[in-house]
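Breakdown of the fold
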Amino acid sequence: MRVVIVAAALILLLPGVPRQAPADGSLRSLVEAEREFAESARRQGLRDSFLAFFADDAIALTPAAEPAKDRLRARPARPFAELEITWEPRQGDVAASGDLGWLTGPSTIIDHTAAPAEPQFGNYLSVWRRQPDGRWRVYIDVGVQTPTLPAFAPGFVRSPESRYTGPGGTAAATRTLADADRLLNQRIASQRAAAAFLAVALESSRLHRPEASPSVGRQAIKEWLSAHAAGMSAVATAAEASRSGDLGYSYGTYTQGGAGREAGAYVRIWTRDVQARWRLMVDVAQPVR
């Protein structure tokens, strides 16, 4: 799985999945970039394809943010025939301004040098930025291992939520997004995690946790957090909103549990609704390995 290889990894087309093209031009170009990235992994091998499709300022969360390309260059090149990774974008969105987007989907890794060479399944999340030359490049890539291949609706599904259409501006929107992220962390510390997340979750929201199938929707998120999120705390590191102020991401660090506690990085995707409230679309907890 992508997250194990580089603190994340990207994807080849999964067999039998309809290659539905999004109607929006910016989102369509983003999905095509992801698929081109996946195909390049087959041709060039994992490391070199990542170096080509990651932004120069891309970060790896270890859990502190570090330059992703430095970590990639330190890894040996392995051909696809040796380390097989497949993935496919199945859900995501792009800001109205076309400068920021995200994608998620299932992934499979098979290390053919291992005995036995058994598949490992995962669910990845990637944050993409449009570069000055117009190309999409990955800024953050994280993921979690899952017990089975995660289920998604057929084809590609855009985030269904209606979004903010008010005044734009990255700086102002980023301030309000950072406030929303910090408030969620404060609520996690002062309330039960389930109640804190439900205050900002939507029916289409996703919760990705290691060694668990994705929790999708408010009820599933509530049930998983109620059962598994005892003693959780989180600290914000950074956030960024799009120029249109309707979409953004945040990341930070978290701990969970008692003496044998889990620690790692979180990444969140946020969408801003028509009432200018930031709502949580995806939350990923990637433990330190």
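Residues numbered from 1 in each chain as written. Predicted model: local features only at pLDDT ≥ 70, side-chain atom pairs only at ≥ 80, totals over all residues. Heavy atoms only, no water.

**With respect to the sheet that holds strand β11 (residues 233–241)**
- The six strands lie next to each other as β10-β9-β14-β13-β12-β11, forming an open sheet whose pairing is mixed. In this open sheet, the two strands that pair with only one neighbour each are β10 (215–216) and β11.
- Bridge count for strand β13 (residues 262–272) against strand β14 (residues 278–287) is nine bridges, and the pairing is antiparallel. The residue bridging tyrosine 266 from the neighbouring strand is alanine 285, located in β14.
- In the packing of helix α5 (residues 170–190) onto the sheet, the strands contacted are β11, β12 (247–256), β13 and β14, and the crossing angle to β11 comes to about 165 degrees.
- Lying on the sheet, helix α7 (residues 218–228) is in contact with β9 (201–208), β10 and β12; it crosses β9 at an angle near 40 degrees. (Pairing = 2+ DSSP bridges. Helix = DSSP H or I, 4+ residues; strand = E, 2+ residues; numbered from the N terminus. Contact = heavy atoms within 4.5 Å. Axes fitted to C-alpha atoms, helices over the stretch in contact; angles between N-to-C directions.)

**Some thoughts on the environment of isoleucine 269**
- Along the polypeptide, isoleucine 269 turns up in strand β13.
- Taking the C-alpha atoms as reference points, isoleucine 269 and phenylalanine 37, 232 residues apart in sequence, are found 21 Å from one another.
- Those residues in contact with isoleucine 269 that lie beyond four places of it in its chain are Trp102, Leu125, Val127, Gly248, Tyr249, Arg279, Leu280, Met281 and Val282.

**With respect to the confidence of the model for the chain**
- When pLDDT is averaged across the chain, the result is 90; 91% of the residues are at 70 or more.
- Low pLDDT (under 50) marks residues 1–21, which in the prediction has 97 contacts with non-local residues, meaning those over four places away or in another chain. (pLDDT = per-residue confidence, 0-100.)

**Brief notes about the packing of aromatic side chains**
- Enumeration over the complete set of coordinates arrives at seven aromatic pairs.
- Pairing phenylalanine 37 with phenylalanine 53 gives two aromatic rings, centres 4.8 Å apart and planes at 15 degrees, and the pair type is stacked. With a gap of 16 residues between them, phenylalanine 37 in helix α2 (residues 25–44) and phenylalanine 53 in helix α3 (residues 46–53) connect regions that are remote in the sequence.
- Of the residues examined, phenylalanine 37 reaches a relative accessible area of 0% and is grouped as buried.
- Here the aromatic rings of tyrosine 139 and tyrosine 249 are separated by 5.8 Å at their centres, their planes lie at 50 degrees, and the arrangement is tilted. Placement of tyrosine 139 in strand β7 (residues 136–146) and of tyrosine 249 in strand β12 is noted, with a sequence separation of 110 residues between them. Each of the two residues, tyrosine 139 as well as tyrosine 249, counts as buried.
- Aromatic ring contacts, followed pair by pair, group Phe37, Phe50, Phe53, Phe54, Trp87 and Trp128 into a single cluster.
- Between the NZ or CZ atom of arginine 137 and the centre of the ring of phenylalanine 53, over which it lies, the distance is 4.7 Å.
- The residue whose ring lies beneath arginine 268 is tyrosine 266, and the NZ or CZ to ring-centre distance is 3.9 Å. (Phe/Tyr/Trp six-rings, centres within 6.5 Å; stacked < 30°, edge-to-face > 60°. Buried < 20%, exposed > 50% of the residue type's maximum accessible area, 1.4 Å probe, protein only. Lys NZ or Arg CZ within 6 Å of the ring centre and 35° of its normal.)

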